[in-house]
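One-letter residues, chain by chain:
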Amino acid sequence: MSVQTHEAPPPVRPEPRPERRGEGPRGGGRRRAHGRGSGGGLPYLLLLPALAATAVLLGWPLVMNGLLSFQNLNMTQLIQHVTEWAGTDNYRATLGSGDFWRVTLRSVLFTAVNVAVIMLFGTLTGLLLARLGPRMRLLLSAGLVLAWAMPVIAATTVYQWLFAQRFGVVNWVLDALGFHSMAGFNWTGGQMSTFFVISLLVVWTSVPFVAINLYAATTTIPKELYEAAALDGASAAQSFATVTLPFLRPFLLATTFLEVIWIFKAFPHIFAINEGGPDRLTETLPVYAFVEGVGNQHYGTGAAISVLTIVILLALMSYYLRIAMRQEEDEK
């Protein structure tokens, strides 16, 4: 009779737990996460000097200007060092003035026209830079940089010489071309002609920024997309609409945002040409605030106008801000 023996099964060993990504065998992941947490305040410390400089150079003048807008301050109070609080009288007087609303409408129209022209010619020039050869691109880029780098007052002096009534180059050329009535034309004697000169100056100094940055944006577009569009039989216009424009849309939006701010608050271009004349018909809100505040020595009123200018600019830019925020949400 045979006896059967049963061997005991070998003990079951637990399988090793798979290590997670970024986690070491002995809690290294915890130590690494702890290290990240301990250095979380470093970026804020690095930003602190820039934030402090911004608060001192921009925040403090803005606060003082806001306080000044609630005061009745003219030369008498300034000499006597007397502070007379006027409450909201400066704002009520400004908002109840017909001149303020005429200047506001003029500023909005001036900004809209100039931004549209700047974006059009800047975009065309940037696309031209992308199509030119290396030598011609370098030559055109150098000319754009020189026009962009020229100080505004220097550029204004050049335009004053070009459009001078008696010895201006523009009048001389027009007279030579047969327009003899333009021989002694006063370009700064009327509202529309003065705005024409100012707009030429503004466009001339602003187009280089748009053109150079748009050309830089075109260099980021992969060439394979153009090759694929060509294989699909797309024309030049279709290739621009389906390939180039989608890549340039964020850039165009951001550049338009900046140009609206810069043109709306343009001061030296307008003031240096004719000081807002003739008869204050070319004043925009920044010039209007300066003339009322410094020129007429109504410093509280000038401060109130400047605060309202900021509010109006923020209201105008709210549309672009919503578009930018919506675009960021779509990218996420």
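Scroll up to find the structure this text is about.
What counts as what
Residues numbered from 1 in each chain as written. Predicted model: local features only at pLDDT ≥ 70, side-chain atom pairs only at ≥ 80, totals over all residues. Heavy atoms only, no water. Helix = DSSP H or I, 4+ residues; strand = E, 2+ residues; numbered from the N terminus. Buried < 20%, exposed > 50% of the residue type's maximum accessible area, 1.4 Å probe, protein only. Phe/Tyr/Trp six-rings, centres within 6.5 Å; stacked < 30°, edge-to-face > 60°. Axes fitted to C-alpha atoms, helices over the stretch in contact; angles between N-to-C directions. Parallel < 35°, antiparallel > 145°, perpendicular 65-115°, else oblique. Left-handed = near helix turned anticlockwise from the far one by under 90°. Contact = heavy atoms within 4.5 Å. Nonpolar A, V, L, I, M, F, W, Y, C, P; charged D, E, K, R; others polar. Polar contact = N/O pair within 3.5 Å; in protein donor to acceptor, adjacent residues only side chain to side chain. Salt bridge = Lys/Arg side-chain N within 4 Å of Asp/Glu carboxyl O.

## Observations regarding the environment of threonine 219
- On the secondary structure map, threonine 219 appears in the loop between helix H9 (191-218) and helix H10 (223-231).
- A relative accessible area of 52% means that threonine 219 is categorised as exposed.
- The sequence separation of threonine 219 and alanine 130 amounts to 89 residues, and the corresponding C-alpha distance is 7.8 Å.

## What about the environment of threonine 157?
- Residue placement: threonine 157 occurs in helix H7 (residues 152-162).
- On the basis of relative accessibility, which here comes to 45%, the residue threonine 157 falls in the partly exposed class.
- For the pair threonine 157 and alanine 272, spaced 115 residues apart in sequence, the C-alpha to C-alpha distance is 8.3 Å.

## Quick notes on unusual backbone geometry
- Of the consecutive residues glycine 277 and proline 278, the connecting peptide bond is found in the cis state with omega at 5°.
- We note that histidine 81 has phi near 55°; this positive angle belongs to a residue other than glycine.
- For histidine 81, the location among the structural elements is in the loop between helix H3 (75-80) and helix H4 (89-95).
- The phi torsion at glutamate 275 lies on the positive side, around 55°, for a residue other than glycine.
- With respect to the element layout, glutamate 275 can be found in the loop between helix H12 (268-274) and helix H13 (285-295).
- Glutamate 275 sits in the exposed class, given a relative accessible area of 54%.

## Here we look at the packing of aromatic side chains
- For the structure on display, the rule yields 13 aromatic pairs.
- Plain terms: the ring middles of phenylalanine 100 and tryptophan 101 are 5.1 Å apart, the flat faces sit at 75° to each other, and that makes the pair edge-to-face.
- Residue phenylalanine 100 is classed as buried on the basis of its relative accessible area, which comes to 1%.
- Centroid distance phenylalanine 267 to phenylalanine 290: 5.3 Å. Interplanar angle 65°. Geometry classified as edge-to-face. Of this pair, phenylalanine 267 sits in the loop between helix H11 (236-264) and H12 while phenylalanine 290 sits in helix H13, and the two are 23 residues apart along the sequence.
- On the basis of relative accessible area, phenylalanine 267 is assigned to the partly exposed category, the value being 25%.
- What makes phenylalanine 290 partly exposed here is its relative accessible area of 32%.
- Taken together, the ring pairs connect Tyr159, Phe163, Phe185, Trp187, Phe196 and Trp204 into an aromatic cluster.

## Observations concerning the packing of helix H5 (residues 98-131) against H11
- Running from N to C, H5 and H11 point in directions that differ by 140°, and their axes come no closer than 10 Å. Overall, the two elements H5 and H11 adopt an arrangement that is oblique. Of the two possible hands of crossing, H5 and H11 adopt the one that is right-handed. Between H5 and H11, the residues in contact are Ser107, Val108, Phe110, Thr111, Asn114, Val115, Ile118, Met119, Thr123 and Leu127 and Phe240, Thr244, Leu248, Leu252, Thr255, Thr256, Glu259, Val260, Ile263 and Phe264, respectively.
- Its residues placed into classes, the contact of H5 with H11 shows 12 nonpolar, seven polar and one charged.

## Comments concerning the side chain of asparagine 90
- One can find asparagine 90 in helix H4.
- Residue class for asparagine 90 comes out buried when judged on its relative accessible area of 10%.
- There is a polar contact of 2.8 Å between the side chain of asparagine 90 and the backbone oxygen of serine 69.
- Those residues in contact with asparagine 90, other than ones at most four positions away along the chain, are Leu68, Ser69, Phe70, Gln71, Gly300, Thr301 and Ala304.

## Observations regarding the pattern of salt bridges
- Overall, the coordinates contain four salt bridges when judged by the stated rule.
- Measuring nitrogen to oxygen at the nearest pair gives 2.2 Å for the salt bridge that ties aspartate 99 to arginine 102. Linking aspartate 99 with arginine 102, this pair stays in helix H5, spanning three residues, or about one helical turn.
- Close ionic contact of glutamate 292 with arginine 280 constitutes a salt bridge, the shortest N to O distance being 3.1 Å. With glutamate 292 in helix H13 and arginine 280 in the loop between H12 and H13, the pair connects residues that are 12 residues apart, well separated along the chain.
- Note on glutamate 292: relative accessible area 13%, which makes it buried.
- Look at arginine 280 and you get partly exposed, because its relative accessible area is 33%.
- A cluster of three or more residues bridged by salt bridges with shared partners is formed by Arg280, Glu283 and Glu292.

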